[in-house]
Each structure stands twice: as structure tokens, then as C-alpha cells.
Amino acid sequence: MIGILIIAHAPLASALRDCALHVFPECAAGVQALDIAPNASPEESLLLAKAAMARLNTAEVLLLSDVFGATPSNVAEKLNDGIDTRLLAGVNLPMLLRSVCYRHESLDALAARAQAGGTQGIMPVGFTAPQNQSGPRHAPSYHDHQQ
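(A) Quick peek at the state of the cysteines. Under the definition given, this model contains zero disulfides. C27 takes part in no disulfide bond, and the closest cysteine sulfur, belonging to C101, lies 7.7 Å away. Judged by its relative accessible area of 10%, C27 falls in the buried class.

Okay, here's the thing in C-alpha cells:
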């Protein structure tokens, strides 16, 4: 099984892990989280990330970070060798849930599924007006200035 390491601004990494384990509690050992504190140095963060990765005790690791170019992503980039690890930035809960479900696949397949899960989990949700109600269908402060 492939390990998953979430590296994100505090407290996002732990919160995402907690949400994933709420759905899949049996995956606790295979998913680690590292919250990067606002005042943590990149060097200290890298040491903590290496320790978290070692706790996974897996040959391959999917690294998930929050914002590309920010400290968590930069730390994850230093762990990413492109052989035994893959890094995706922009982690969200649908991406993580998809990752947990497919940890048994190859690392390349898992990274592709994670990316697809992250993007497919983003969708516009329209507003539906209440049925059978008369009156304005807009905010009370709305003023139509057309003649």
C-alpha cells in the first residue's frame, strides 16, 4: 500500500486527515499529516516532514500539499524524488478520499486518481428558488433601476 502524507498550513493537514479517518478509520497508519505552523522555519519543517514520511513505513508515498509555492508545498517538493513519491498541490477532501480508496494501485495511477478526484469534487451548485411561493426571487436589498 502507498502511504499518503499531507503537508499543509496548520491546522489544515490534521483536519483533512481527521475527516478522511472519519470515513475510513482503518487507514490511520497509512495517512500522516504535518501542519506547518506560521513561524516554523523551512529547515525545521523539512525535518518534521522527513520524520512523518518515515512513520508511514512504505516504499512509495503520495505527497499532498495545500498551496503551490507556499512553504508546505516547498517542503513537500524537497521530499519528492519523482520515483518513489508523487506530489500534488491543491489538496482538498475529495482528492484525499479518492487517494485513500485507491492506495493499492500504482503510484502513477494513484496520483492520477487523486488529481481527478480533486477536480471532480469541485462543482457549481446553483440556487433553486423555493417552489410555490410568490413574491420577489431576489434579495430584499435588490433594486431594479431599469425603466
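What follows continues from the structure just given.
(B) Expanded view of the nonpolar core. Core analysis: the biggest nonpolar cluster contains 21 residues, and I4, I6, L62, L64, L96 and V100 have the highest contact counts within it. Only strand 1 (3–9), helix 1 (12–23), strand 3 (61–65), helix 4 (93–101) and helix 5 (107–120) provide two or more residues apiece to this core. In contact with V100, other than residues within four places in its own chain, are I4, A20, F24, C27 and V31.

(C) Region of interest: the packing of helix 4 against helix 5. Where helix 4 contacts helix 5, the axes come no closer than 7 Å and their chain directions differ by 145 degrees. When the axes of helix 4 and helix 5 are compared, the crossing they make is right-handed. On helix 5, the residues that touch P94, M95, R98 and S99 of helix 4 are L110, R113, A114, A116, G117, G118 and Q120. Taken together, the residues of the contact of helix 4 with helix 5 sort by class into five nonpolar, four polar and two charged.

What counts and how
- Residues numbered from 1 in each chain as written.
- Predicted model: local features only at pLDDT ≥ 70, side-chain atom pairs only at ≥ 80, totals over all residues.
- Heavy atoms only, no water.
- Disulfide = S-S within 2.5 Å.
- Buried < 20%, exposed > 50% of the residue type's maximum accessible area, 1.4 Å probe, protein only.
- Core = buried A, V, L, I, M, F, W, Y, C linked by side-chain atoms within 4.5 Å.
- Helix = DSSP H or I, 4+ residues; strand = E, 2+ residues; numbered from the N terminus.
- Contact = heavy atoms within 4.5 Å.
- Axes fitted to C-alpha atoms, helices over the stretch in contact; angles between N-to-C directions.
- Left-handed = near helix turned anticlockwise from the far one by under 90°.
- Nonpolar A, V, L, I, M, F, W, Y, C, P; charged D, E, K, R; others polar.

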